[in-house]
Amino acid sequence: MLVFKKFINRGLGFPSCEFFRGLLQFYQIELVYLNPNSILQISIFVHLCETFLGIAPHAALFKNFFYIKSYPGNAHQHPIGGANIQA
């Protein structure tokens, strides 16, 4: 996985659970494609499932609440890609 050093220097932490890695593989994206808010959305979802619902996070449930939006748009992709998680 790739991540910008400045994100880590500013205190970015991200979930390294199996669900997170599986989600990246499912959508065929790298960590560097996601902005910090998208990583936070995934973290919140994992916390909700494990703590409040008492279940393991599941991709099908994730897809009911969130979708991946490419930016700047599907027609004009950057060479390194880009993705944002939207509720």
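Just above sits the structure.
Parameters and conventions
Position numbers for residues count from 1 along each chain, tracking the sequence in the order it is written. Since the coordinates come from a predicted model, pLDDT governs what is reported: local features require at least 70, and pairs of side-chain atoms require 80 or more to be given and counted, while whole-chain, interface and lining totals use all residues. Calculated side-chain values reflect all of the structure's heavy atoms, with hydrogen atoms and water omitted. Side-chain rings of Phe, Tyr and Trp (the six-membered ring for Trp) are treated as a pair once their centres are within 6.5 Å; stacked means planes under 30 degrees apart, edge-to-face means over 60, and tilted covers the remaining angles. To sort residues, take the accessible area from a 1.4 Å probe on protein chains only and compare it with the maximum for the residue type: under 20% means buried, over 50% means exposed, and anything in between is partly exposed. Helix and strand assignments come from DSSP, with helices taken as H or I runs of at least 4 residues and strands as E runs of at least 2, each series counted from the N terminus. Contact between two residues is taken to exist if any of their heavy atoms lie within 4.5 Å; hydrogens are not considered. Every axis in this analysis is a line fitted to C-alpha atoms, fitted for helices over the stretch in contact. Angles between the N-to-C directions lie between 0 and 180 degrees. Any angle that is under 35 degrees is reported as roughly parallel, and any over 145 degrees as roughly antiparallel; angles of 65 to 115 degrees are reported as roughly perpendicular and all others as oblique. Put simply, a crossing is left-handed when the front helix is turned counterclockwise from the back one by less than a right angle, and right-handed when it is turned clockwise. Three classes are used: nonpolar for Ala, Val, Leu, Ile, Met, Phe, Trp, Tyr, Cys and Pro, charged for Asp, Glu, Lys and Arg, and polar for all others, with Gly counted as polar. Each nonpolar core is a collection of buried residues, namely Ala, Val, Leu, Ile, Met, Phe, Trp, Tyr and Cys, held together in the definition by side-chain atoms within 4.5 Å. The span one expects for a helix is its residue count, reduced by one, times 1.5 Å.

J.: Would you mind going over the packing of aromatic side chains in detail, with residue names and values included?
T.: In total, this model carries seven aromatic pairs according to the counting rule given. With a centroid separation of 5.5 Å and an interplanar angle of 80°, the aromatic rings of Phe 4 and Phe 7 are classed as edge-to-face. Given a relative accessible area of 43%, Phe 4 falls into the partly exposed group. Considering the side-chain rings of Phe 26 and Tyr 27, the 5.0 Å spacing of their centres and the 80° angle between planes classify their relative orientation as edge-to-face. By relative accessible area, which is 48% here, Phe 26 ends up partly exposed. Among the residues examined, Tyr 27 registers a relative accessible area of 23% and is labelled partly exposed.

J.: Give a description of the environment of Gln 86 that names residues and reports values.
T.: Within the secondary structure, Gln 86 sits in strand β2 (residues 83-86). Considering only alpha carbons, one finds Gln 86 and Ile 68, 18 residues apart in sequence, at a separation of 6.3 Å. Gln 86 has contacts with Phe 65, Phe 66, Tyr 67 and Lys 69, leaving out every residue within four places of it along the chain.

J.: Please give an account of the packing of helix α2 (residues 18-27) against helix α3 (residues 36-53) that cites residues and values.
T.: At a minimum axis distance of 11 Å, the contact between α2 and α3 shows a crossing angle of 130°. In terms of axis orientation, α2 runs oblique to α3. In the crossing of α2 with α3, the sense of the turn from one axis to the other is right-handed. Contacts between α2 and α3 involve Phe 19, Phe 20 and Leu 23 from the first element and Ile 42, Phe 45 and Val 46 from the second. A class-by-class count of the residues in the contact of α2 with α3 yields six nonpolar, no polar and no charged.

J.: An account of the nonpolar core is needed here, citing residue identities and associated values.
T.: If you look at the biggest cluster of nonpolar residues, it comprises 17 residues, and the most contacted ones within it are Phe 19, Leu 24, Leu 34, Ile 42, Phe 45, Phe 62 and Ile 85. Breaking this core down by element, the ones donating at least two residues are α2, α3 and β2. If you tally residues by element for this core, the top one is α3, at five residues. Sequence-distant contacts of Leu 34, that is, excluding residues within four places in its chain, are made with Leu 24, Ile 29, Ile 39, Ile 42, Ala 83 and Ile 85.

J.: Can you explain α3? Please cite residues and give values.
T.: The first and last C-alpha atoms of α3 sit 24 Å apart over 18 residues, in line with the 26 Å expected at 1.5 Å per residue. Among the residues of α3, Ser 38, Ile 39, Ile 42, Phe 45, Val 46 and Cys 49 are the ones counted as buried. In the core, the buried residues of α3 are packed alongside α2, α4 (59-65) and β2. Phi turns positive, to about 70°, at Gly 54, one or two residues after α3.

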